[in-house]
Amino acid sequence: MTTYGVTDIQNKPSLIKAIDIAKIIDKRKHITLGYFISSKYEDIIKPIIEKIDREEKVAKLNKLKQHQDLEFAELGVDDGIK
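Predicted model only: the values in this text are computed from it and were never measured.

A.B. asks: How would you explain the side chain of Asp26 if you had to name every residue and give the values?
C.D. replies: For Asp26, the location among the structural elements is in strand β2 (residues 21–26). Of the polar contacts made by the side chain of Asp26, one reaches the backbone nitrogen of Arg28; its length is 3.1 Å. Discounting residues that sit within four places of it in the chain, Asp26 has contacts with Val6, Ile31 and Leu33.

Here it is as structure tokens:
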């Protein structure tokens, strides 16, 4: 995979037209900002991204439900001291 810096793209915006898939980095901070994928691959990539989003949302909802179930279980326990 090709790697491009933010400055490279800023200096030569037409570079985006030539990129199919690339990793975009900030060379000053030494961090990866993300990945660029050409729109011609959108039909292939979009269903995969949507599937991942759905799975992440379901996982978050399940975790939230487990947490709420624990809270309700704790509220339901009475130690009998008044």
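The discussion continues.
A.B. asks: Could you give an account of the pattern of salt bridges, naming the residues involved and the relevant values?
C.D. replies: On inspection of all chains with the given rule, the structure shows 3 salt bridges. For the salt bridge of Asp8 with Lys27, the shortest nitrogen-to-oxygen distance reads 3.5 Å. Taken together, the positions of Asp8 in helix α1 (residues 6–11) and Lys27 in the loop between β2 and β3 (31–37) put the pair 19 residues apart, joining distant regions of the chain. Note on Asp8: relative accessible area 33%, which makes it partly exposed. Across the salt bridge formed by Lys40 and Asp20, the nearest N and O atoms sit 3.0 Å from each other. Of this pair, Lys40 sits in the loop between β3 and α3 (42–76) while Asp20 is found in the loop between α2 (15–18) and β2, placing the two residues 20 residues apart along the sequence. The class for Asp20 is partly exposed, based on a relative accessible area of 33%.

A.B. asks: Please provide a residue-by-residue account of a nonpolar patch on the surface, values included.
C.D. replies: Together, Met1, Ile21, Tyr35 and Ile37 make up a nonpolar patch on the protein surface, roughly 440 Å² of accessible area in all. For Ile37, the location among the structural elements is in strand β3. With relative accessibility at 37%, the residue Ile37 sits in the partly exposed group.

A.B. asks: For unusual backbone geometry, give the residues involved together with the corresponding values.
C.D. replies: At His30, a residue that is not glycine, the phi angle is positive and equals roughly 60°. Relative to the helices and strands, His30 resides in the loop between β2 and β3.

A.B. asks: Please set out the sheet that holds strand β1 (residues 2–5) residue by residue, giving values where relevant.
C.D. replies: The strands that make up a sheet pair up through hydrogen bonds in the backbone, lying either parallel or antiparallel. What the 3 strands build is an open sheet, ordered β1-β2-β3; its pairing is mixed. Two strands in the sheet have a free side with no partner beyond their single neighbour: β1 and β3. Looking at each pair of strands side by side, their axes are set apart by 30° on average, direction ignored. Here 6 bridges tie β2 to β3, and the two strands are oriented antiparallel to one another. In the sheet register, Ala22 faces β3, and the bridge partner there is Phe36.

What counts, and where the lines are drawn
- Residues numbered from 1 in each chain as written.
- Predicted model: local features only at pLDDT ≥ 70, side-chain atom pairs only at ≥ 80, totals over all residues.
- Heavy atoms only, no water.
- Helix = DSSP H or I, 4+ residues; strand = E, 2+ residues; numbered from the N terminus.
- Polar contact = N/O pair within 3.5 Å; in protein donor to acceptor, adjacent residues only side chain to side chain.
- Contact = heavy atoms within 4.5 Å.
- Salt bridge = Lys/Arg side-chain N within 4 Å of Asp/Glu carboxyl O.
- Buried < 20%, exposed > 50% of the residue type's maximum accessible area, 1.4 Å probe, protein only.
- Patch = residues over 30% accessible without salt bridge, like charges linked within 9 Å, V, L, I, M, F, W, Y side chains within 5 Å.
- Areas by Shrake-Rupley, 256 points an atom, 1.4 Å probe, with all protein chains shown as cover.
- Pairing = 2+ DSSP bridges.
- Axes fitted to C-alpha atoms, helices over the stretch in contact; angles between N-to-C directions.

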